[in-house]
Amino acid sequence: LITPLIAHMPTTTSYLPAQYRFLCWCQHYDRDPTQFNATDIINFLSLACDTGFQLNTIKLYRSAILVFHSDAESIRSSLDLLEIFRRWARAAPPRPWSRPVVDVTPTLRFLASIASLPTTTISLLNQKTAFLLAMAAFLWPSDLHCIQLQHCSVSTDNLLTLSILAPKETCCGQRIIKTLVVHPLAADSALCPVQAFVALRDHLDAANRLPDVLFVNSHSRSSPLSATTIAAWLKRLLACSLTSADSRPTLSVRSIASDLTLQRGVSLDDVVTMGNWSSTTVFDQHYRRSRMVRSNMSRHVLEPP
């Protein structure tokens, strides 16, 4: 009953536990998992809340469940559902508004030691290219997995145009093709994402790769890589820069890279556009890490004019 419903859905691994539990709940209570109403989802999520799940986990469950519904937006906008989430939010314990700023220098130093050459071990070049592209373009592991190699190009001035087929983001519910431009890093060729991309594209061991795929399965050239494998690369490389206090599963390269660009003076509009966030509010609430003011406000406010 459960497997056929999940098999053809472009979902993430993090959705699966919630989806399995919900489908079992529907079977137990004789509910249609594609036509449930707002009361059904409230009853199911209330069980998760009573079990002690955190609010963010319950929100993840909501998103995972709505994948099944034939009219998800009508359920998402239900006043009863919105109200109970407001009630749960008020009852949840306070959470830190700022998150630790991560210094990725150790990771970048390690990546710089991997030569961006077509003769470099392909497993290392895979990981280096994935991390540099994720940093430079704020990409999810699933974005990296969906890069259409045959539609990517490098211009004469070394601008890399990436084509990503059916990323997480949609437009009015319809899947899209996301196009991004990645600039070269002229000041440090060892960390240039464009140079790493070209080296992986032209790698000697990638001649038998699957068509239109950038990242190569080093164990079986003709077998596809999963987004989960790419996510594991990023997590392992990021761990080089994390202290024990930072080592939380919620850390992502996308969040760290986008926040770092803000600290270095890039405009918020450019950050939101590159990351393809729906609004500055979404970025501010879910991805921004540092909220510390750098200006000396005491001097500006208290000093005599």
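Engineer: Which residues make up the sheet that holds strand E3 (residues 174-182), and what values go with them?
Structural biologist: Strand order across the open sheet formed by three strands is E1-E2-E3, with antiparallel pairing between neighbours. Looking at the sheet topology across the chains shown, the edges are occupied by strand E1 (153-154) and E3. Two elements, E1 and strand E2 (residues 160-171), share two bridges in a ladder whose sense is antiparallel. Counterpart to Val 154 in the pairing with E2 is Leu 160.

Engineer: Got a sec to walk through the packing of helix H2 (residues 16-29) against helix H4 (residues 55-66)? Specific residues and values, please.
Structural biologist: At a closest axis distance of 8 Å, the pairing of H2 and H4 adopts a crossing angle of 65°. By the criterion of interaxial angle, the relationship of H2 to H4 is roughly perpendicular. The crossing of H2 and H4 is right-handed. Residue-level contacts link Ala 18, Gln 19, Arg 21 and Phe 22 of H2 to Tyr 61, Ala 64 and Ile 65 of H4. In the contact of H2 with H4, the residues fall into five nonpolar, one polar and one charged.

Engineer: Go over the pairing of E2, please, and point to the residues and values.
Structural biologist: Connecting the antiparallel pair E1 and E2 is a turn made up of five residues, with Asn 158 showing a positive phi of about 65°. Sheet topology note: the E2/E3 ladder contains eight bridges and is antiparallel. Note on E3: the bridge partner recorded for Ile 164 is Lys 178. Remark: two residues form the turn of the hairpin made by E2 and E3, two consecutive strands paired antiparallel; Cys 172 in that turn has positive phi of roughly 55°.

Engineer: So what's going on with the packing of aromatic side chains? Which residues, and what values?
Structural biologist: Counted by the stated rule, this structure contains 11 aromatic pairs. A ring pair is formed by Trp 25 and Tyr 29, whose centres lie 5.1 Å apart and whose planes are at 45°; its orientation type is tilted. Taken together, the positions of Trp 25 and Tyr 29, both in helix H2 and four residues apart, correspond to about one turn of that helix. A relative accessible area of 10% means that Trp 25 is categorised as buried. Taken together, a centroid distance of 6.1 Å and an interplanar angle of 35° make the contact between Phe 138 and Trp 277 tilted. Taken together, the positions of Phe 138 in the loop between helix H8 (122-137) and helix H9 (141-145) and Trp 277 in the loop between helix H13 (268-275) and helix H14 (280-286) put the pair 139 residues apart, joining distant regions of the chain. We classify Phe 138 as buried; its relative accessible area is 4%. Here a set of aromatic residues connected by ring pairs shows up, and it is made of Phe 22, Trp 25, Tyr 29, Phe 36, Phe 44, Phe 53 and Tyr 61. The ring centre of Phe 85 lies 4.2 Å from the NZ or CZ of Arg 62, which sits over that ring. Against the face of Trp 140 rests Lys 168, its NZ or CZ located 4.0 Å from the ring centre.

Engineer: Outline helix H6 (residues 79-91), supporting the account with residue identities and numerical values.
Structural biologist: For H6, spanning 13 residues, the distance from its first C-alpha to its last is 18 Å, which sits close to the expected 18 Å at 1.5 Å a residue. Residues of H6 that are buried sit in contact with helix H3 (38-51), H4 and helix H5 (72-76).

Engineer: Describe in detail the side chain of His 203, supporting the description with residues and values.
Structural biologist: Looking at the element boundaries, His 203 is found in the loop between helix H10 (193-201) and helix H11 (227-238). A relative accessible area of 5% places His 203 in the buried class. When neighbours within four sequence positions are excluded, His 203 is seen to be in contact with Leu 117, Pro 118, Thr 119, Thr 120, Thr 121, Ile 122 and Leu 125.

Engineer: Please provide a residue-by-residue account of unusual backbone geometry, values included.
Structural biologist: Although it is not a glycine, Ala 166 sits at a positive phi angle of roughly 55°. Among the structural elements, Ala 166 can be located in strand E2. For Ala 166, a relative accessible area of 22% corresponds to the partly exposed category. The phi angle at Asn 276 is positive, at roughly 60°, despite the residue not being glycine. If you trace the backbone, Asn 276 turns up in the loop between H13 and H14. On the basis of relative accessible area, Asn 276 is assigned to the partly exposed category, the value being 30%.

Engineer: Give me the pattern of salt bridges: which residues, what numbers.
Structural biologist: Counted under the stated rule, the structure contains eight salt bridges. A salt bridge links Arg 31 to Asp 40; its shortest N-O distance comes to 2.9 Å. Judged by relative accessible area, Arg 31 falls into the partly exposed class, the value being 37%. Where Lys 178 meets Asp 143, a salt bridge forms, and the shortest distance between an N and an O atom there is 3.3 Å.

Engineer: I'd love a proper account of the confidence of the model for the protein chain, names of residues and values included.
Structural biologist: Looking at the protein chain, pLDDT values average 87 and 90% of them are 70 or higher. No element of the protein chain has a lower mean pLDDT than helix H1 (residues 2-7), at 57, and none a higher one than H10, at 97.

Scoring rules and cut-offs
- Residues numbered from 1 in each chain as written.
- Predicted model: local features only at pLDDT ≥ 70, side-chain atom pairs only at ≥ 80, totals over all residues.
- Heavy atoms only, no water.
- Pairing = 2+ DSSP bridges.
- Helix = DSSP H or I, 4+ residues; strand = E, 2+ residues; numbered from the N terminus.
- Axes fitted to C-alpha atoms, helices over the stretch in contact; angles between N-to-C directions.
- Parallel < 35°, antiparallel > 145°, perpendicular 65-115°, else oblique.
- Left-handed = near helix turned anticlockwise from the far one by under 90°.
- Contact = heavy atoms within 4.5 Å.
- Nonpolar A, V, L, I, M, F, W, Y, C, P; charged D, E, K, R; others polar.
- Phe/Tyr/Trp six-rings, centres within 6.5 Å; stacked < 30°, edge-to-face > 60°.
- Buried < 20%, exposed > 50% of the residue type's maximum accessible area, 1.4 Å probe, protein only.
- Lys NZ or Arg CZ within 6 Å of the ring centre and 35° of its normal.
- Expected span 1.5 Å × (residues − 1).
- Salt bridge = Lys/Arg side-chain N within 4 Å of Asp/Glu carboxyl O.
- pLDDT = per-residue confidence, 0-100.

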